[in-house]
Amino acid sequence: MNTFQITRPRDHGQATAATAKAKTAQQGADIRFIAGGTTLIDLMKLNVEQPQNLVDVNRLPLDKIEATPDGGLTIGATVRNTDLAWHPLVRKNYNVLSEAILSGATVQIRNMATTAGNLVQRTRCVYFRDTSMPCNKREPGSGCGAINGFNRNLAILGTSEQCIATNPSDMNVAMAALEATIHVRGAKGERSIPIGEFHLLPGNTPQRETVLEPGDLITHVTLPPPAPGNRSLYLKLRDRMSYEFALASAAVVITSANGKITRARIAMGGVGTKPWRSTEAEGELTDQPANETTFRKAAEAALHGAKPQSQNAFKVELAKRCLVHALKLATQPA
Ligand SMILES: Cc1cc2nc3c(=O)[nH]c(=O)nc-3n(C[C@H](O)[C@H](O)[C@H](O)COP(=O)(O)OP(=O)(O)OC[C@H]3O[C@@H](n4cnc5c(N)ncnc54)[C@H](O)[C@@H]3O)c2cc1C
Ligand code: SF4
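Definitions and cut-offs
Residues numbered from 1 in each chain as written. Chains lettered and ligands numbered in written order. Predicted model: local features only at pLDDT ≥ 70, side-chain atom pairs only at ≥ 80, totals over all residues. Heavy atoms only, no water. Helix = DSSP H or I, 4+ residues; strand = E, 2+ residues; numbered from the N terminus. Rg over C-alpha atoms; globule rule 2.2 N^0.38 Å. Buried < 20%, exposed > 50% of the residue type's maximum accessible area, 1.4 Å probe, protein only. Pairing = 2+ DSSP bridges. Right-handed = clockwise from strand over helix to strand, strands pointing away. Salt bridge = Lys/Arg side-chain N within 4 Å of Asp/Glu carboxyl O. Near = heavy atom within 4 Å. Nonpolar A, V, L, I, M, F, W, Y, C, P; charged D, E, K, R; others polar. Contact = heavy atoms within 4.5 Å. Axes fitted to C-alpha atoms, helices over the stretch in contact; angles between N-to-C directions. Parallel < 35°, antiparallel > 145°, perpendicular 65-115°, else oblique. Left-handed = near helix turned anticlockwise from the far one by under 90°. Polar contact = N/O pair within 3.5 Å; in protein donor to acceptor, adjacent residues only side chain to side chain. Areas by Shrake-Rupley, 256 points an atom, 1.4 Å probe, with all protein chains shown as cover.

A. Quick look at the overall build of the protein. Within the protein, the secondary structure is distributed over twelve helices and twelve strands. Taking 2.2 N^0.38 as the reference for a compact globule, 334 residues should give roughly 20 Å; the C-alpha atoms of the protein span a radius of gyration of 19 Å, in line with that estimate. Along the longest, intermediate and shortest principal axes, the C-alpha atoms of the protein span 60 × 50 × 35 Å. Split into buried and exposed, the 334 residues of the protein put 52% on the buried side.

As structure tokens, then:
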């Protein structure tokens, strides 16, 4: 691990000014924010990330969870994953978010991990984490070790010829289904980014993962008010029940009345290069009877266009079954 300097600003302006001098906010950043450190320190130890300056955001006043006047929720960037998952308003109104966070990592990691750090956490592709291997994300133009290599855990949706890495976050999938908005303070002022526009598809630039620019500090995330009468849940399928990333997961937020679905929000994890919202599946569910035929049609729509790699064709059917089962659970009588 390279040597580095660390600064601990106490206000947003100082934090933004310190990182605005960075060459990039993407792979290869020479200045990085650090929050819980559970992603970044790992990658620094592996020499995958080598920032010379770290700007510690933990002293900024960004650790509050508060109800908004319209009935939604504001979540500060440094709120710990554990605190978010167990907050009474999250448990009551955004069950899918609570379940998604609690399905990830371990208690100890969730106690350190923050909202912003989780949003920006990086892929677990083994070639990305091994500097002796080719990886277009880590070193643009070096090739992709995974496409003809070990790709069992990687993506089947949103891939490109340059990169097939999965977005690893569980929280992000729930945030996508909840239509979260990410609020950023940057060198040019403040802006709000719908989560669907925050993460980028790999295309020809897999090293660029989000829309963040140098100096962009995530300050908070907002959730809209919960849809009246909705039921929401997160179902995660993985190789073992703890300390493991998703092979496939589904975040569903469903409102139904008299056996008919009136509103659906669907996102999938473990299968996409970004948290995978499926408006196609939502279209198949809305105004339809809550039954297996409808659920299966939604699952087919969600996985339409899936492009499996040599080792992960099983994910297509696994993800479909995951969504069907999540929908059954969300619509069965209480
Ligand atoms: C062994 C292990 C198992 C795990 N299992 C899972 C799992 O099953 N599911 C899952 O979802 N996750 C899992 N994780 C990942 C974990 O959730 C993330 O490491 C964590 O959420 C990152 O948060 P952090 O605060 O520690 O981020 P950091 O490591 O501090 O930062 C991560 C990135 O976010 C940036 N950043 C931090 N704060 C800000 C800010 N305010 N504005 C802009 N950028 C910012 C940093 O610059 C850095 O690039 C696992 C991690 C480990 C180590
Ligand atoms: S899938 Fe992406 S992250 Fe993995 S080796 Fe290929 S380019 Fe790198």
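Having seen the model, we can carry on.
B. Focus on the pairing of strand β3 (residues 53–56). Relative to β3, strand β1 (residues 5–7) runs parallel, the two sharing three bridges. Within β3, the position partnered with Ile6 by the bridge is Leu54. Bridge count for strand β2 (residues 31–34) against β3 is four bridges, and the pairing is parallel. Paired with Ile34 across the bridge in β3 is Asp56. Crossover connection from β2 via helix α2 (residues 40–45) to parallel β3: handedness right-handed.

C. Fine view of the pattern of salt bridges. Counted under the stated rule, the structure contains 21 salt bridges. Salt-bridge contacts for Lys64 lead to Asp63; the nearest nitrogen and oxygen are separated by 3.3 Å. By relative accessible area, Asp63 is classed as partly exposed at 46%. Notably, a salt bridge pairs Arg191 with Asp216, separated by 2.8 Å at the nearest N-O pair. Highlighted residues: Arg191 in strand β7 (residues 189–194) and Asp216 in the loop between α9 (195–198) and β8 (217–223), separated in sequence by 25 residues.

D. View of the site of ligand 2. Looking at ligand 2, there are 14 residues lining it, with Cys125, Cys135, Cys144, Cys163 and Ile164 nearest. Class assignment of the residues belonging to the shell around ligand 2 gives a composition of ten nonpolar, three polar and one charged.

E. Summary view of the sheet that holds strand β11 (residues 260–269). Ordered by their spatial adjacency, four strands build an open sheet running β9-β10-β11-β12, and the pairing between neighbours is antiparallel. Single-partner strands in this sheet number two, and they are β9 (231–237) and β12 (276–277). Of the pairings in the sheet, the one linking β9 to strand β10 (residues 248–257) comprises seven bridges and is antiparallel in character. Bridged to Ser232 within β10 is Val253. Each of β9, β10 and β11 touches helix α12 (residues 314–331); the most contacted strand, β10, lies at about 35° to it.

F. Fine view of the sheet that holds strand β5 (residues 73–76). Strand order in the open sheet formed by five strands is β4-β5-β8-β6-β7, with antiparallel pairing between adjacent strands. The open sheet is flanked by β4 (65–67) and β7, the only strands paired with a single partner. The mean inter-strand angle of the sheet, taken between neighbouring strand axes irrespective of direction, is 20°. As judged from the six bridges shared by strand β6 (residues 181–186) and β7, these two strands associate in the antiparallel manner. Pairing of Val184 across the sheet is with Arg191, part of β7.

G. Summary view of the pairing of β11. Counting buried residues along β11, seven of its ten residues qualify, which places the element largely inside the surrounding structure. In the sheet, β10 pairs with β11 via nine bridges, with the strands oriented antiparallel. The residue of β11 that forms the bridge with Ile254 is Ala264. Where β10 folds back on β11, the antiparallel hairpin that results is connected by two residues, among which Asn258 adopts a positive phi of roughly 50°. With two bridges connecting them, β11 and β12 associate as antiparallel partners. Following the sheet pairing, Ala267 is matched in β12 by Arg277. Where β11 folds back onto β12 in an antiparallel hairpin, the turn is made up of six residues, including Gly270, whose phi is positive at roughly 80°.

H. Region of interest: the packing of helix α11 (residues 292–302) against α12. Remark: α11 packs on α12, axes separated minimally by 9 Å, with the N-to-C direction vectors making an angle of 140°. As the angle between them shows, α11 and α12 are arranged oblique. Taken as a pair, α11 and α12 cross one another with a handedness that is right-handed. Counting all contacts with α11, which are made through Glu292, Phe295, Arg296, Ala298, Ala299, Glu300 and Ala302, the residues of α12 involved are Glu317, Lys320, Arg321, Leu323, Val324, Leu327, Lys328 and Thr331. Considered class by class, the residues forming the contact of α11 with α12 number seven nonpolar, one polar and seven charged.

I. Region of interest: the site of ligand 1. If you check the shell around ligand 1, you find 33 residues, and the closest are Phe33, Thr38, Thr39, Thr114 and Asp170. Separating an oxygen atom of ligand 1 from a backbone N or O atom of Ala35 is a distance of 2.8 Å. A total of 990 Å² of accessible area belongs to ligand 1 in isolation, and the protein chains cover 94% of it. Grouping the amino acids of the shell around ligand 1 by side-chain chemistry returns 15 nonpolar, eleven polar and seven charged.

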